[in-house]
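What follows is the residue order along each chain.
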Number of protein chains: 2
Amino acid sequence: MNELNDIYANFVVELRRGVTNLVVLNQCQQPTYGYQLVKELADSGIPLEANTVYPLLRRLEDQGLLRSDWDTSTDKPRKYYQITENGLTLLAQITAYWRESVKNIESILEV
Amino acid sequence: MNELNDIYANFVVELRRGVTNLVVLNQCQQPTYGYQLVKELADSGIPLEANTVYPLLRRLEDQGLLRSDWDTSTDKPRKYYQITENGLTLLAQITAYWRESVKNIESILEV
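Keep in mind the model is a prediction, meaning the values are calculated, not measured.

Chemist: Tell me about the pattern of salt bridges, and name the residues and values.
Modeler: Residues and elements named next belong to chain A. All chains considered together, the criterion is met by 8 salt bridges over all chains. Among the salt bridges present, the one from E100 reaches K103, with a minimum N-O distance of 3.5 Å. Of the two residues, E100 and K103 both sit in helix α4 (residues 85–110), 3 residues apart, roughly one turn of that helix.

Laid out in structure tokens, this is it:
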């Protein structure tokens, strides 16, 4: 039974990995800083580790899908990430793919 | 733009990996042989490579989630896979997780 739990945990990890780009890009349509993003997703039932989200934000910026700006107007400077034009293009593609996949999988599960 | 295509392709691969266990276990509620499974999934808009599906069937059998029986009654012997009790338990868990995830992600995408 322990092994079943391991297999289940592995499924959860793999599924979460697949949708992480989607939800992070989606949330960055508004300027968002790392901790805020982690909290918003957790509040929506999508808990992602900070040590998953922070490197992902940097990677998406390196890939030109997000850009970042420092807000230094407060005591605690924060780096805000926001989606770029390329990021919006990709977000539209992967959202369409996600919805198509959900539809196809639901049709299989219901048979 | 080529890089965007690569990023999109990578997303597709990761998402597909996450749902592969789900759809394969689901289809094996009926005795199913490898090629039949590949075809059924492709017909439902979920194309999986044969060289993904065949090793996965063997792995799921090793994990005790599927069992297999040879049908030697025809000229072309076929190995049929069918879900076990443990497999059904896991399938129920991952189906519930999948549906909860879809609901949470949809709620984020719609904001």
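Chemist: How would you sum up the pairing of strand β3 (residues 78–83) of chain B? Please name residues and give values.
Modeler: All names here are of chain B. Of the strand pairs in this sheet, strand β1 (residues 32–33) and β3 are connected by 2 bridges, and their pairing is antiparallel. Note that in β3 the partner of T32 across the bridge is Y81. Sheet topology places strand β2 (residues 66–71) next to β3; 6 bridges connect them, and they run antiparallel. Residue pairing across strands places D71 opposite R78, the latter belonging to β3. With antiparallel pairing between neighbouring strands as the criterion, β2 and β3 make up a hairpin whose turn holds 6 residues.

Chemist: So what's going on with the packing of aromatic side chains? Which residues, and what values?
Modeler: All told, the structure shown has 7 aromatic pairs over all chains when counted by the stated rule. When the centroid spacing of 6.2 Å and the interplanar angle of 80° are considered together, the rings of F11(A) and Y97(B) count as edge-to-face. In this pair, F11(A) is assigned in helix α1 (residues 2–27) and Y97(B) in helix α4 (residues 85–110), connecting two distinct chains. Its relative accessible area of 17% is what places Y97(B) among the buried residues. Ring pairs connect the aromatic residues Y8(A), F11(A) and Y97(B), which therefore count as one cluster.

Chemist: If you had to explain the sheet that holds strand β2 (residues 66–71) of chain A to someone new, which residues and values would you point to?
Modeler: Residue and element names in this part refer to chain A. Spatially, the 3 strands line up as an open sheet ordered β1-β3-β2, and their pairing is antiparallel. Two strands close off the open sheet at either side, each with one partner strand: β1 (32–33) and β2. Running at roughly 115° to β2, helix α3 (residues 50–62) makes contact with β2 and β3 (78–83) of the sheet.

Chemist: Describe the interface of chain B and chain A, with residues and values.
Modeler: Facing the 41 residues of chain B at the interface are 41 residues of chain A. Note on chain B versus chain A: buried area summed over both sides is about 4,200 Å², and carbon and sulfur give 68% of it. Per-residue buried area on chain B facing chain A is highest for F11(B), Y97(B) and I108(B); these three make up 17% of the total on that side. Across the chain B-chain A interface, the total number found is 2 salt bridges. With a shortest N-O distance of 3.0 Å, R99(B) and E106(A) are connected by a salt bridge. When residues of the side of chain B that touches chain A are traced back to their parent elements, those giving at least two are α1 (2–27) and α4 of chain B. Looking at the side of chain B that touches chain A, its residues break down into 21 nonpolar, 13 polar and 7 charged.

Criteria and cut-off values
- Residues numbered from 1 in each chain as written.
- Chains lettered and ligands numbered in written order.
- Predicted model: local features only at pLDDT ≥ 70, side-chain atom pairs only at ≥ 80, totals over all residues.
- Heavy atoms only, no water.
- Salt bridge = Lys/Arg side-chain N within 4 Å of Asp/Glu carboxyl O.
- Helix = DSSP H or I, 4+ residues; strand = E, 2+ residues; numbered from the N terminus.
- Pairing = 2+ DSSP bridges.
- Phe/Tyr/Trp six-rings, centres within 6.5 Å; stacked < 30°, edge-to-face > 60°.
- Buried < 20%, exposed > 50% of the residue type's maximum accessible area, 1.4 Å probe, protein only.
- Contact = heavy atoms within 4.5 Å.
- Axes fitted to C-alpha atoms, helices over the stretch in contact; angles between N-to-C directions.
- Buried area = accessible area lost by both parts, 1.4 Å probe.
- Nonpolar A, V, L, I, M, F, W, Y, C, P; charged D, E, K, R; others polar.

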